[in-house]
Amino acid sequence: RLSRFRILVIGKTGVGKTSLINRTFGVQNATASHYKPGEASIDHELVSPQNKKFVLHDSKGFEPGSKDNLKIVRDFIDRRRAMPDLKDQLHAIWLCFEIPRAGGRLLETGVEQFLTSKREGELGNIPIVVVFTKYDTLLDRVERTLDKSSIKFLSKAAIQELTKNSARDKLQEVCVAPLEKFAGSSIPHVTVSTNGNHEETLARLIQTTEELVYKHVGTDASVMTSVAQRVDPGLKIKASIDLHVCPSEYWNALASSAPFKNRSMWDCLHVLHTDVVNVWNFQDSQHGHLCSREFRILMTNMVDELDDGPTADPNKNLAFGLSIVGTVTGIVSALAGPAAPIVVPIVASIVIANWVYEVYQQSRSALQRFMKYIVDLTLVLQTLALVAGHQELSRRAIKLAVKSYHDSPMRGEVHNRIEEYDRQLTFRKRADRDSLDQLVQLLQSYNISAEEMSDLRKKIPPMDLSLDEPWDTV
């Protein structure tokens, strides 16, 4: 399978390419380690030690008189397209423009020639997304031009909505209409802001990119698109499903038991655990906390806990994110001090549930445990993305995520749903596609969108998660 997502980003200096890459892929700066100061080349592979799942190629925009750059970009795309291995081919191109002021020109001659090449099929099937940057700047400009007398008595929310509507009209006029007049509707466009208040725009960009990559490049490249990005947890869950839950090598293995012959449950779970953790692509390479024996013991022991925590109120349809944030807030408030250790009510060192040592075999309890493990691990990692973001992981951050999910009503709800579904089916039906679809539906029902993630983070009380501490604390 692919190990990295390869993307070419084209745009003039100052358009916001660096901040776009940094925010979308959760890095500080992607750099090339093998070129001389002042040297720039589209062939250089720009990488980041903070996210090894993507490779960036950078190109300046098609400014007036830049025929040489247009040829450089075309030749580069042709060379990459001719490479036999998918890992060396380009998987996507972002063509970036800063939203112009009224009267400003969007498409220079070089851009028109490049888009013509795409429209006429000269660039092949490589997905291209036009990216209009600095949306927050447009919103600020539009808000300043609003008639003060007409908004005097409006609420803040109403003013924001009016501003967004006016900005949408302006965007249509200065960006979308000129683009579609020349290129038609065949080349998609997304408007983005790297301002922290507009995380959902980056999610739309990566969602659009992933869809195009899936359609024109293939499943492996689309999954790696989801793995590399760090703005949309929904795509992480989708990638987990596409890569590690749905494929026959996992589900058929569970149903037949032949591939797991003479293997302990612990060994089987280890393979699955490692793959799911890799999809989430946290900054954990320095210590490898998420693949440590201690973290795997925490997750394993959570599966068979008799006490499934607080019961969700059946009269309240509380979303997963709000439930988790409420639990996080309670945990942080109960700490004796900002550096007080987090006590996870599950042993993480030596004691492991006895069943993990058993040799895997077809059974009702084995499939149920696997389902619980998949969902518990996925939702703990989603919670970790919520509380820790893009920072280097510490055991303290992981313990907060584990305890938050463990203590929330959501864990009990998840386990109850799996047990109830399991009681209704024979083993043969448990192992068929219908059962798999139920698992997928369960994972998707607890997904937090990128916009929700951004809003929820604002509700979490400040806490220093860079501190480290032992797995087991009393």
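Because the structure is a prediction, the values reported are computed rather than measured.

To continue, consider the nonpolar core. Counting 62 residues, the largest nonpolar core has Leu290, Phe295, Leu381, Leu384 and Val387 as the members making the most contacts within it. Ranked by the residues each element gives to this core, the list is headed by helix 14 (residues 364-388), at 15 residues. What Leu290 contacts, discounting residues up to four positions off in sequence, is His273, Val277, Phe282, Asp284, Phe295, Leu381, Leu384, Leu393 and Ile398. Within the second largest apolar cluster, 35 residues are counted, among which are Leu70, Leu107, Val130 and Ile187.

Moving on, we get to the packing of helix 7 (residues 199-216) against helix 8 (residues 219-228). In a pair of packed helices, the angle between the axes and the distance between the axes together describe the arrangement. The geometry of helix 7 relative to helix 8 is characterised by a closest axis approach of 7 Å and an angle of 165° between their N-to-C directions. Here helix 7 lies roughly antiparallel to helix 8, going by the angle between them. As helix 7 packs across helix 8, the resulting crossing turns out to be right-handed. Counting all contacts with helix 7, which are made through Ile206, Thr209, Glu210, Val213 and Tyr214, the residues of helix 8 involved are Thr219, Ala221, Ser222, Thr225 and Ser226. Each residue belonging to the contact of helix 7 with helix 8 can be placed in one class, and the counts come to four nonpolar, five polar and one charged.

Further remarks concern the side chain of Arg296. Mapping Arg296 onto the fold places it in helix 12 (residues 293-303). No salt bridge is formed by the buried Arg296. Its closest oppositely charged neighbour is Asp267, at 6.7 Å. In this view, Arg296 contacts Trp266, His270, His273, Cys291 and Tyr373; residues no more than four positions away in its chain are not counted.

Take the pattern of salt bridges next. Evaluated as defined, the whole model comprises 17 salt bridges. In this structure, Glu98 engages Lys134 in a salt bridge whose closest nitrogen and oxygen atoms are separated by 3.7 Å. Highlighted residues: Glu98 in strand 4 (residues 92-98) and Lys134 in the loop between strand 5 (128-133) and helix 4 (135-145), separated in sequence by 36 residues. Exposure remark for Glu98: the relative accessible area of 37% places this residue in the partly exposed category. Salt-bridge contacts for Glu173 lead to Lys170; the nearest nitrogen and oxygen are separated by 3.7 Å. With Glu173 and Lys170 both in helix 6 (residues 156-183) and three residues apart, the pair spans about one turn of that helix.

Segments scoring low in pLDDT should not have their predicted coordinates read at a detailed level. Predicted confidence across the protein chain gives a mean pLDDT of 82, with 82% of residues reaching 70 or more. For the protein chain, the element scoring lowest by mean pLDDT is helix 17 (residues 427-430), at 50; strand 1 (residues 5-10) scores highest, at 96. Contacts of residues 32-39 to residues separated by more than four positions or lying in other chains number eight contacts, the stretch itself having pLDDT below 50.

Among the six residues in strand 5, six count as buried, and that is most of the element. As defined by bridge partners, strand 4 adjoins strand 5 across six bridges and the pair is classed as parallel. From the neighbouring strand, Glu98 faces strand 5, where its bridge partner is Thr133. The sheet contact formed by strand 5 and strand 6 (residues 189-191) spans three bridges and is parallel. Opposite Val130, over in strand 6, you have His189 as the bridge partner.

On a regular strand, each side chain points to the face opposite its neighbour's, so the side chains alternate between the two faces of the sheet. Of all the six residues making up strand 1, six are buried; the element is thus mostly covered by neighbouring parts of the structure. Here strand 1 shows two buried faces, one formed by Phe5, Ile7 and Val9 and the other by Arg6, Leu8 and Ile10. Taken together, the six bridges between strand 1 and strand 3 (residues 51-59) define a ladder with parallel strand orientation. Along strand 3, the bridge assignment pairs Val9 with Asp58. The pairing of strand 1 with strand 4 spans four bridges and is classified as parallel. Each residue of the ladder has a partner; that of Ile10, found in strand 4, is Leu95.

Thresholds, definitions, all that
Residues numbered from 1 in each chain as written. Predicted model: local features only at pLDDT ≥ 70, side-chain atom pairs only at ≥ 80, totals over all residues. Heavy atoms only, no water. Core = buried A, V, L, I, M, F, W, Y, C linked by side-chain atoms within 4.5 Å. Buried < 20%, exposed > 50% of the residue type's maximum accessible area, 1.4 Å probe, protein only. Helix = DSSP H or I, 4+ residues; strand = E, 2+ residues; numbered from the N terminus. Contact = heavy atoms within 4.5 Å. Axes fitted to C-alpha atoms, helices over the stretch in contact; angles between N-to-C directions. Parallel < 35°, antiparallel > 145°, perpendicular 65-115°, else oblique. Left-handed = near helix turned anticlockwise from the far one by under 90°. Nonpolar A, V, L, I, M, F, W, Y, C, P; charged D, E, K, R; others polar. Lys, Arg positive; Asp, Glu negative; His and termini not counted. Salt bridge = Lys/Arg side-chain N within 4 Å of Asp/Glu carboxyl O. pLDDT = per-residue confidence, 0-100. Pairing = 2+ DSSP bridges.

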